[in-house]
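Structure at a glance
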Amino acid sequence: MPTIHDTPPAEVQLELNELRNDLDLNLPRKELDRNILIATWNIREFGGLTEEWNGDEHTPKRDLHSLLLIAEIIKRFDIVAIQEVTGKLKALRHMLKVIGSHWSFILTDVSKGSSGNDERLAYLFDTRKVQLSGLACELVTPNEDVEAISEGAFNRQFSRTPYAVSFKSGSKTFILVTAHILYGKAAEDREPELTAIAQWLKDWSEDINAFDQSLILLGDFNIDRAGDPRYEAFVSTGLHLPDDLAAVRRMIYEKSAKYYDQLSWFKDESGEDKISLTYARGGAYDFTRVALKSRDYTNNSLSWRMSDHLPLWGEFLI
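Fair warning: this is a prediction, and the values are worked out from it, not measured in the lab.

The rules we used
- Residues numbered from 1 in each chain as written.
- Predicted model: local features only at pLDDT ≥ 70, side-chain atom pairs only at ≥ 80, totals over all residues.
- Heavy atoms only, no water.
- Helix = DSSP H or I, 4+ residues; strand = E, 2+ residues; numbered from the N terminus.
- Buried < 20%, exposed > 50% of the residue type's maximum accessible area, 1.4 Å probe, protein only.
- Contact = heavy atoms within 4.5 Å.
- Areas by Shrake-Rupley, 256 points an atom, 1.4 Å probe, with all protein chains shown as cover.
- Pairing = 2+ DSSP bridges.
- Axes fitted to C-alpha atoms, helices over the stretch in contact; angles between N-to-C directions.
- pLDDT = per-residue confidence, 0-100.
- Core = buried A, V, L, I, M, F, W, Y, C linked by side-chain atoms within 4.5 Å.
- 1 Å grid on protein atoms, 1.4 Å probe; cavity = no way out; pocket = protein on both sides within 12 Å on 5 of 7 lines; lining within 4 Å.
- Points joined across faces, edges and corners; volume = space filled by probe spheres on them.
- Nonpolar A, V, L, I, M, F, W, Y, C, P; charged D, E, K, R; others polar.

Moving on, we get to the overall build of the protein. Tallying secondary structure elements over the protein gives 7 helices and 12 strands in all. Within the protein, buried positions represent 55% of all 318 residues. Across the protein, every contact between residues at least 6 apart in sequence was considered, and the portion connecting residues at least 24 apart equals 75%. Carbon and sulfur atoms make up 46% of the accessible area of the protein, which totals about 13900 Å².

Turning our attention to the sheet that holds strand S11 (residues 278–284). Ordered in space as S3-S4-S2-S1-S12-S11, the 6 strands form an open sheet in which the pairing is mixed. Either end of the sheet is taken by a strand with one partner, and the two such strands are strand S3 (103–107) and S11. Sheet twist, expressed as the average angle between the axes of neighbouring strands with direction ignored, equals 20°. One ladder, built from 7 bridges, connects strand S2 (residues 79–86) with strand S4 (residues 119–126); its direction is antiparallel. Within S4, the residue paired with Val85 across the bridge is Arg120.

On to the confidence of the model for the protein, then. Per-residue confidence for the protein averages 87 on the pLDDT scale, and 87% of its residues sit at or above 70. Summarising per-element confidence for the protein, the mean pLDDT is lowest in helix H4 (residues 143–149) (49) and highest in helix H2 (residues 64–74) (98).

Looking now at the sheet that holds strand S8 (residues 215–220). Taken together, 6 strands build an open sheet; the order of strands is S5-S6-S7-S8-S10-S9 and the sheet is mixed. Since the sheet does not close on itself, it has two edges, and those belong to strand S5 (131–138) and strand S9 (239–240), each with one partner. Pairing of S9 with strand S10 (residues 261–266) involves 2 bridges; the strand directions are antiparallel. Bridging across to S10, His240 finds its partner in Trp265. Sheet contacts for helix H5 (residues 191–205): S5, strand S6 (163–169), strand S7 (172–180), S8, S9 and S10; angle to S8, the most-contacted strand, approximately 165°.

Here we take up the nonpolar core. Within the largest apolar cluster, 44 residues are counted, with the highest numbers of intra-cluster contacts made by Phe46, Ile73, Ile74, Met95, Leu124, Phe287 and Met306. Elements that contribute at least two residues to this core include exactly helix H1 (10–26), strand S1 (35–46), H2, S2, helix H3 (90–99) and S4. For this core, the element with the most residues is H2, which contributes 8 residues. Those residues in contact with Leu124 that sit more than four places away from it in its chain are Ile74, Asp78, Ile79, Val80, Ile82, Leu92, Met95, Leu96, Ile99, Trp103, Ser104 and Phe105.

Here the focus is the layout of surface pockets. The space that makes up the second largest pocket amounts to roughly 250 Å³. Lining the second largest pocket are 14 residues, with Glu45, Gly47, Gly48, Pro60 and Thr86 sitting closest to its centre. Secondary-structure elements contributing two or more residues to the lining of the second largest pocket are S1 and S2. Split into classes, the residues belonging to the lining of the second largest pocket amount to 2 nonpolar, 5 polar and 7 charged.

The next point concerns unusual backbone geometry. Peptide bonds are trans in most cases, and residues, glycine excluded, mostly fall at negative phi. Looking along the chain, the bond that leaves Thr59 and enters Pro60 is cis, with omega of 5°. One non-glycine residue, Glu84, lies in the positive phi region at around 70°. On the basis of relative accessibility, which here comes to 14%, the residue Glu84 falls in the buried class. With a phi angle near 55°, Asp296 is a residue other than glycine that sits in the positive phi range. Tracing the sequence through the fold places Asp296 in the loop between S11 and helix H7 (299–305). Note on Asp296: relative accessible area 69%, which makes it exposed.

So this is what it looks like as structure tokens:
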């Protein structure tokens, strides 16, 4: 049985080289003491792994070939918030073997119950650039505050509790809050959680006694563009989404109108960003140009090997 450390077959190595070239062309370079590249990526059911170079005849379909491609993309960032890490950690553990010993991770336990979908939230980070700075917590709304959000809007805890972790890079400290909002049976089912997390974060950002008020919210929020009721619930307390990400495609499907993945923060009364970092630019990396092209998969088949979501990223200056 092959392992992740084995020399890849020639066709896999060729594709890795093509991916590296494409990444060089389409992502900013990581520069020490100048920038931090932060990404969010919902990697579809990131759990099991088939230890073969081609897993087409096996379950799960994610194999060593696709995992090397995912790892190559992850390495281009300094911090990556990952949604849909499952109770099984095989794929994550094998990926950590190849991205380098300078990478570390922190993650939640699995979310139980049918709506939790056996998922975890995770952060992977390059310790050469970024370190933990002391805080890791899950966001829980106090029972007495639930009805204050708005009557009937939020009557239970989050299905997958948002996960906040503080980081530092040089003299800059900041907190990332990642979430995977309940999808629900209907789009309206998402609004209570979206409203609740927006209000919770607003209160935190205004608390002078808080651990750190430099909050960046990122993850899969199952919302669409401005004007959609889910979007309006998300920004209802003043969360700001960068203008250059407004029309960026988030999904692997070229004509997709889904804008689920987001990167956001609050602004102050003068319109200045309330974060310690300076946002420079952002985008989504379209791995479909290169990844697994030699196998001529449908988009659905590609989604089970890579993901149906594209990684959404922001470059912040330090």
